[in-house]
Structure formats: structure tokens, C-alpha cells
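Now for the letters of each chain:
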Amino acid sequence: MSEFKKHDILLFMSDQHNAFITETAGDEFISTPNLTRLAASGTEFTDALTSCPLCVPARMSMLSGQLPSRTGIFTNNGALPGDYATVAHSLGAAGYETVLCGRMHFNGPDQFHGFTKRLVGDFTPCLPGRGGPRRADLGPYVCTPAGEIDKHYGGGTSPVLEYDRAVIKAALDYLKQPHDKPIFLLVGTYGPHHTFVAPPELYKKYYDLIPAPDSTRYDHYDLHPVVNKRIFDPETVRCMRAAYYGMIENIDRQVGEVYDAWQAHLEQNRRQGLFCYTSDHGEQAGEKELWGKMTFHRDAISIPLIFSGTGVKTDNRVELPCSIMDITPTLCDFAQSPCLPDQDGKSLLPELQGKAQNADRGVISELYIPDHPARMVRQGKWKYITYFGCDEHDQLFDLEVDPHEYRNCISDHPETACQL
């Protein structure tokens, strides 16, 4: 594997991007030409899953390659211990300059966790006592808490959009600079996470295009009692979805800017490298009358995952389940850097090279809801969901015949549920 040694690496990580709202996933409304271009130049994993449908647990799980039950982080207040090994530590030990530009949602005094540079700080409070009084001087689109997503939405600008603009500018400036060491650059945006505000022209575009989800599809669907519907009036749903779609197209534009600058960097410095796009988790965006994350349904649990670069098979689609935790062992394998201990993820390098895939692998995701810690497992065509204390409501979905997860078929396949 010597051809992979010391090549530059760029990981672009957005926040809360529903994997099914891309052109390559078949969405009939969205425009994501840069992600389509990236997928054509490399390998796209069409069934990538987060290890937790919540920001901090998912991100710390990705950086460490471990499940939340191993890191001990289940909520957005969790902090990774300063001596916990991350992919940045591994790549740093292999001689890389490790640079974090933008969002990672670290909590606590250690805001580096193996990164040697931070170009832009984070968007959310990172120290104990987070929160504080709401700013009243930043206009109507101040970042909204998860419980108030229907309060501010539309077209315009917002702290989210302005933050991401600053992150992309810093990343582009960094790529223009000379670098003596091989680089690992992680570019983190806050979009398309709410507040649901898109650039005005994109908001108008999708407001005119997108219908509200057809709620009649859910008439015979039994939602798990732990999961709460959030039903808004049809016009609010239309507006929020239009803004969310517009934010995704805006992220696609930013991915394109960074990818072009990345290619220019490699060419100018006569280097080779690996580019990866992903997100920490998805967004329900009104499907099943749910919003946000913190469910195991496909819109919240699925993430985009695309690799392009040296040694990566082009125009390659891998359809078997994989995990956000696979990113760290893949990057370590690519860079020939030290393996991190106790990995729950696995390297996807063989798949990137077009080699045989493990069809029997089970992929696990975890979630903490007070009194009801939960797990999901995907294996083959099956998806099994269980919440502690609610065994009578366990769910099993056959994704070959029911990809949208409308029918709980656990009573038809009790032995499969037991195995999972």
C-alpha cells in the first residue's frame, strides 16, 4: 500500500444533511451538481449510517472510530477526554499537519483533540454553562433551538450562513498557502442544520418546487411511542422544507468551491490526495411528521459519504451498509498512520479500490433518550430498533420491500428480530 503514503487528506463535514436529498439519491427536486461530480470521480456509499442521530455523540464517535457506548458520550453536553485518541492524533503521529477549520462541536477546555491548528472556532458554546441570554441585535434569523424550528425560517441571511461563509473562506485561504508537511484538513460547516434560512434565490426556487410530505402515507404507520411527532401547518412545513433544500444546495456550492481549490492545491504542489464528503447525521424534514434528528428512521440516520482521490475507483457505488465510524480507520489506513485502539469501525479502503465487500456486516447506531436508551442494527435487508423498557414496541423493517419504513413486520419474522 505504499502508493497511499503521505498523501494529503481533506474531510468536508456538514451538519444534518439528509442523505436522500441529493441528486445521486434520486431526489427529484434538489440540485447538487458538485456532489454528483464528486461521486462520479470516486466512490459513493449509498447506505452509510451515523452511529448516533445527534451531533456531539456522532462526531466524537467518528473521530475515535468508536460507538457512543464506548466513548461514554450520549448527549450534546458530552466531552471527549483530552487523552482520548482521535484520527487527528494518528495522522499527526504520521507526520501530518492536522487542521480543523470550522465546526466540530467539541465541549470542554480541549478544543483541539489532536488537531495542531484551528482556523475558525466553533458556532455553538463549548464550555460548561453554555447558553446564556439570547442576542436581540442580530436580526430575525438568530440561530433557533431545536424546539423552536418553526419560529424563524425563510430566505435571507442568518448566523448559520455567515458562519459557513467564513469557514469556507478560511479553508480556501489555507489551501493557497505553501505546506511543508502533508496536510489533513477537516472543513466543518454548520449548515444545513437549522435555523432553516436559505439564500433568498434558493429559498424562492424551492418554495415554488417542493410540496409538503403527503401525510396520508402515515395513516397506517404506528410511530414508536418514545418518538414524538411535530405537526405544523402545511404552509410552515412548505417554508421550512424549502429553506432546508436551499441550504443543501448552498452546501453543495461550497463543497464545489473547496473541491476545486483542493484540486488546484494538489496540482500546484504536485501532490496526490483524498477528498471525502459526509455529514454527522440526517434530518427528518417533515417525513413521518417528524423534524430534526434523534430517531432511527432513515432520514435521520442516513448520511452522505463520498470519497474521491488517489487509488479510489471512479463512478463506483457501494450499496452495503457502512458506518460513520468507518471514516477514521479508512483515513488511517490510507495514510498508513497508527491504528487507533478498540475500533468499532472498519477501513473502507478495500471498497474504495473496488474490492469485495462484507455482505453480512451488521451496523449499529445508539441513542440516549431519558429512561429509554436505544439501539438500532442494520444487517442485509433488515433494520431492527429497540428502546429499553419498550420491548413490546420493538420494530423490524424489511427494507427491500419497505424502504421508507412504513410497516413494522416484527410479528412476521420474530426469529430475525431475536437474532438481531
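Below you will find a few notes about this structure. What you see is a predicted model; the values in this text were computed from it and never measured.

**Here we look at the packing of helix α1 (residues 33-40) against helix α7 (residues 234-269)**
For step 1, the next point in the chain: Where α1 meets α7, the closest approach of the two axes is 7 Å, and the angle between their N-to-C directions is 45°. Looking at the two axes, α1 sits oblique to α7. On α7, the residues that touch Pro33, Asn34, Leu35, Arg37 and Leu38 of α1 are Asp252, Arg253, Val255, Gly256, Tyr259 and Asp260.

**Thoughts on the pairing of strand β16 (residues 382-387)**
For step 1, the next point in the chain: Of all six residues that make up β16, five are buried, and the element is covered over most of its length.
For step 2, the next point in the chain: Linking strand β15 (residues 374-379) to β16, which pair antiparallel, is a turn of two residues; within it Gly380 sits at a positive phi near 60°.

**Concerning the pairing of strand β2 (residues 42-45)**
For step 1, the next point in the chain: Bridging between β2 and strand β11 (residues 305-309) involves three bridges; their strand directions are antiparallel. Counterpart to Thr43 in the pairing with β11 is Phe307.

**Quick look at the packing of aromatic side chains**
For step 1, the next point in the chain: In this structure the tally under the stated criterion is 12 aromatic pairs.
For step 2, the next point in the chain: Centre to centre, the rings of Phe196 and Tyr244 are 5.7 Å apart; their planes meet at 75°, and the pair counts as edge-to-face. With Phe196 in strand β8 (residues 196-198) and Tyr244 in helix α7, this pair connects stretches of sequence that are 48 residues apart. Tyr244 matches Phe196 in its accessibility class, with the two residues each being buried.
For step 3, the next point in the chain: Three or more aromatic residues joined by ring pairs form one cluster here, namely Phe196, Phe232, Tyr244 and Trp291.
For step 4, the next point in the chain: The positively charged end of Arg238 is found above the aromatic ring belonging to Tyr207, 3.8 Å away from the centroid.
For step 5, the next point in the chain: It is Arg298 that lies over the ring of Phe20; its NZ or CZ is 3.7 Å from the centre.

**A look at the environment of Leu202**
For step 1, the next point in the chain: Within the secondary structure, Leu202 is located in helix α6 (residues 200-209).
For step 2, the next point in the chain: Each C-alpha atom, one on Leu202 and one on Arg317, is 29 Å from the other, the two residues being 115 residues apart in sequence.
For step 3, the next point in the chain: Beyond its immediate chain neighbours, meaning those up to four positions away, Leu202 contacts Gly246, Glu249, Asn250 and Arg253.

**Quick word on α1**
For step 1, the next point in the chain: Among the residues of α1, those classed as buried are Asn34, Leu35, Leu38 and Ala39. The buried residues of α1 occupy an angular sector of 140° when the element is viewed end-on, so they sit on one face.
For step 2, the next point in the chain: Buried positions along α1 lie against β2, α7, β9 (273-279), β11 and β12 (316-318).

**Regarding the packing of helix α5 (residues 159-176) against α7**
For step 1, the next point in the chain: Direction vectors running N to C along α5 and α7 enclose 10°, while the axes themselves pass 9 Å from each other. As the angle between them shows, α5 and α7 are arranged roughly parallel. Within the contact between the two elements, α5 uses Val160, Leu161, Asp164, Arg165, Ile168, Leu172 and Leu175 and α7 uses Met247, Asn250, Ile251, Gln254, Glu257, Val258, Ala261, Trp262 and His265.
For step 2, the next point in the chain: Tallied by class, residues from the contact of α5 with α7 come to 10 nonpolar, three polar and three charged.

**Topic: the nonpolar core**
For step 1, the next point in the chain: Residues Leu10, Phe12 and Phe275 are the most contacted members of the largest nonpolar core, which totals 52 residues.
For step 2, the next point in the chain: Here this core gets 16 residues from one element, more than from any other, and that element is α7.
For step 3, the next point in the chain: Other than its neighbours up to four places away in sequence, Phe12 contacts Ile168, Val187, Thr189, Gln254, Val255, Val258, Phe275, Cys276, Tyr277 and Thr278.
For step 4, the next point in the chain: Core analysis: the second largest hydrophobic core is formed by 42 residues, Leu67, Val87, Tyr96 and Ala335 among them.

The rules behind each value
Residues numbered from 1 in each chain as written. Predicted model: local features only at pLDDT ≥ 70, side-chain atom pairs only at ≥ 80, totals over all residues. Heavy atoms only, no water. Axes fitted to C-alpha atoms, helices over the stretch in contact; angles between N-to-C directions. Helix = DSSP H or I, 4+ residues; strand = E, 2+ residues; numbered from the N terminus. Parallel < 35°, antiparallel > 145°, perpendicular 65-115°, else oblique. Contact = heavy atoms within 4.5 Å. Buried < 20%, exposed > 50% of the residue type's maximum accessible area, 1.4 Å probe, protein only. Pairing = 2+ DSSP bridges. Phe/Tyr/Trp six-rings, centres within 6.5 Å; stacked < 30°, edge-to-face > 60°. Lys NZ or Arg CZ within 6 Å of the ring centre and 35° of its normal. Arc of directions from axis to C-beta. Nonpolar A, V, L, I, M, F, W, Y, C, P; charged D, E, K, R; others polar. Core = buried A, V, L, I, M, F, W, Y, C linked by side-chain atoms within 4.5 Å.

So far we have only geometry, and geometry alone does not tell us how the molecule works.
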